[in-house]
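The lines below spell out each chain.
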Amino acid sequence: MIRKIWKAFGFLILLAAPLLLLAIKLPLRPEVYTPRFDHLVLIFLYACVLLLIAGKLLAPIVDRSRAVVYGASLLIAALFAGLMSAPQELWNYRGLPACGLLLFTAFTWGVLSRAITFPAPAILSLMLMLNFFLLSEAVLDSLPEKALLKTVTNVPPIAPEDRGNVLFRRNGFRGLRPCVDCPRDSLRIFTMGGSSTFGTPMFYRNDSYTARLRRIVEERRPGEKIEIYNAGIPGYGIMQILDSIEKVIVKYRPDIITICAWFNDHSAIPGWYGFYGKSDKEAHELVALLRKIEGNRYYKKVSGTRLYGVFRYALLKARDLIPKIGTERSKRRPRMSPDEFAWAMEQIVSLSKKHDFLPVIILEATNRTANLKAASRKNKYYRRMLEISKVHNIPLVNPLDEFGKRKEEWLFYDFIHPNQAGHQIIAEKLYSKLFLDPGNKALREIYKSKGIDAQRPDARKEYVLQIPSPSLQHSALKLRVSMPEANDSDNLLELVINGDHTLIQTGVGNQPKDFIFRFDSASLNRPITDIRIRAGSVSQLSSSGTLKAEGAQLFQLEHFELRE
């Protein structure tokens, strides 16, 4: 009884299926779509449904052998009719029609000789299905291209290439674009992350910490071949960074890749790939599977037919009729859990060994962040990065402590995006970790292979000190200064106080020397005194007694203190 009910239910579904045409319009342009066309297609669909169940209706009437003969004969006739009307593409596809005829001829012979037993209804159903697909494709192929929607004639891929990687291919680097066939003697550094690395919402690309690091290197390390590229993309998390490193960045032969991420990863799903209920890791695995299917040559042939385009269009329209369930934004599950984040970091470490680059972790700071010790107690992502850095001996850049000291200053535009001052802090911290503290063995080996002097002193063209004015009213400022590249000691040291007052002393040479400056009360007219220190040759003094802008040279501030 239950079996009969299920059969009746199946028949009712088949009979009701064509009625979906009344709710789901075919993908035709309005000028082609007419009510009469609706009626003709509806009749055609009902004819197909009735023929589909003809095997079930025919089996009780005729005996088995006669039904098999009828079915086989109809099958061959329908196959001939379908193939003769099929598009030319099917004929050119590795002899598909000939193979089909040979297969079904052998099959028919086997059934008639009773070497193969097969129920007549199944034969009829198979025949009708094949014929339906072939004839439907022939009908659709006969229509002019303008009569169909573009979603049918140009079916988009089921898993398109990651939009971040597409952006990289279209010169998605913010600023300089690396070349592939360049000389290999340059040190190449790529900074990767989300919008805080890209430099959102700053309009000028030269304000990002990547560009600032490039300027610092050009100023303080002249003559060394160091290339720095901004590979940050807004919205990127650790899964997208991993994917882009593997598919794009390694082609440019990186020596160092900095990774600044966790904030986007802790945000709620759906993430980068738009799959509700799935983390970025799970969604990436699903996308990878779909791309594998899409790369199959048989799928490529099927997806190139118009029948596939119509089927896809109807399926998407039918989906729109179904109430959406489970599509609300999740507030509990992050894009990447801390454990998934750590897994992705481990994969990046594995890639670094395979492609010979050094990953460097930058702890992504937030507005009014606490220092690292306090922040890591609450933030599991920080703890995972600290663990990975320790286990794999990966350099870790910590701007959190500096942001924590200056949390009362305006260093961010909002909760996560640093402003120019914030990016300068990150750039200085990154420079210090890479060039002033090369204790990492892998880093030293990279420098040795690229001709980079790891012992080069931290010489600059300008140092900026900000000291509370009351401290300077009763004290003197002692500076220990040297000019590593100077040939003599007849150079000068210039202090510009609050942009208005200038103090100059001479006698700066390539050996460290102490200088003491005292300030009058007139120059200390602000709560915080801004002191800019520069050095240069005496010949570069202007008529007003100040150092010319183009006359500033590299010097090293080795120590400063306030003395009574």
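Residues numbered from 1 in each chain as written. Predicted model: local features only at pLDDT ≥ 70, side-chain atom pairs only at ≥ 80, totals over all residues. Heavy atoms only, no water.

As a further point, take the sheet that holds strand S7 (residues 476-482). The strand order across the open sheet formed by three strands is S10-S7-S12, and the pairing between neighbours is antiparallel. At either margin of the open sheet sits one strand with a lone partner, and together these are strand S10 (513-517) and strand S12 (556-563). Mean inter-strand twist for the sheet, computed between neighbouring axes without regard to direction, equals 20°. Relative to S12, S7 runs antiparallel, the two sharing seven bridges. Residue Leu-479 lies in a different strand from S12, and its bridge partner there is Phe-560. (Pairing = 2+ DSSP bridges. Helix = DSSP H or I, 4+ residues; strand = E, 2+ residues; numbered from the N terminus. Axes fitted to C-alpha atoms, helices over the stretch in contact; angles between N-to-C directions.)

Moving on, we get to helix H22 (residues 441-450). When we look at burial in H22, the residues that qualify are Leu-443, Ile-446, Tyr-447 and Lys-450. Taken end-on, H22 shows its buried residues confined to a sector of 95°, consistent with a single buried face. Facing away from the buried side of H22, by more than 90 degrees, are the exposed residues Lys-441, Lys-448 and Ser-449. At its buried positions, H22 is contacted by strand S1 (187-193), strand S3 (256-260), strand S4 (358-362) and helix H21 (420-436). Two to three positions downstream of the cap, the backbone nitrogen of Ala-442 sits 3.0 Å from a side-chain oxygen, assigning the N-cap of H22 to Asn-440. Note on H22: the residue one or two positions beyond its end, Gly-451, has a positive phi of about 75°. (Buried < 20%, exposed > 50% of the residue type's maximum accessible area, 1.4 Å probe, protein only. Arc of directions from axis to C-beta. Contact = heavy atoms within 4.5 Å. Polar contact = N/O pair within 3.5 Å; in protein donor to acceptor, adjacent residues only side chain to side chain.)

This brings us to the sheet that holds strand S11 (residues 528-537). On the basis of which strands lie adjacent, the open sheet formed by four strands has the order S6-S11-S8-S9 and antiparallel pairing. Here the strands that pair on one side only, and so sit at the sheet edges, are strand S6 (463-468) and strand S9 (501-508). Strand-to-strand twist across the sheet, computed as the mean angle between neighbouring axes with direction ignored, equals 25°. One ladder, built from six bridges, connects S6 with S11; its direction is antiparallel. Across the sheet, Tyr-463 pairs through a bridge with Ile-533, a residue of S11.

The linkage connecting Thr-200 with the following residue, Pro-201, adopts the cis geometry, with an omega of 0°. With respect to the secondary-structure elements, Pro-201 resides in the loop between helix H10 (195-198) and helix H11 (209-220). Residue Ile-269 is joined to Pro-270 through a cis peptide bond whose omega torsion reads 5°. Mapped onto the fold, Pro-270 is located in the loop between helix H13 (263-266) and helix H14 (280-294).

Topologically, Pro-457 is positioned in the loop between H22 and S6. Sequence-wise, Pro-457 and Phe-555 are 98 residues apart; in three dimensions their C-alpha atoms are separated by 9.2 Å. What Pro-457 contacts, discounting residues up to four positions off in sequence, is Pro-484 and Gln-556.

Now for the pattern of salt bridges. Considering all chains together, one arrives at 26 salt bridges under this definition. For Glu-402, the salt bridge is made with Arg-406, and the minimal N-O distance between the two is 3.7 Å. For the salt bridge of Glu-409 with Arg-406, the shortest nitrogen-to-oxygen distance reads 3.0 Å. Taking relative accessible area as the criterion, Glu-409 reaches 36% and is therefore assigned partly exposed. Among the charged side chains, a salt-bridge network with shared partners connects Arg-220, Glu-428, Asp-458 and Arg-460. (Salt bridge = Lys/Arg side-chain N within 4 Å of Asp/Glu carboxyl O.)

In this model, helix H17 (residues 338-355) (18 residues) spans 26 Å end to end at C-alpha, consistent with the 26 Å of a helix rising 1.5 Å per residue. Of the residues making up H17, those classed as buried are Pro-338, Glu-340, Phe-341, Ala-342, Ala-344, Met-345, Ile-348, Val-349, Leu-351 and Ser-352. On its buried face, H17 sits against helix H12 (238-247), S3, H13, H14, S4 and helix H19 (380-392). Directly after H17, the chain includes Asp-356, whose backbone phi takes a positive value near 60°. (Expected span 1.5 Å × (residues − 1).)

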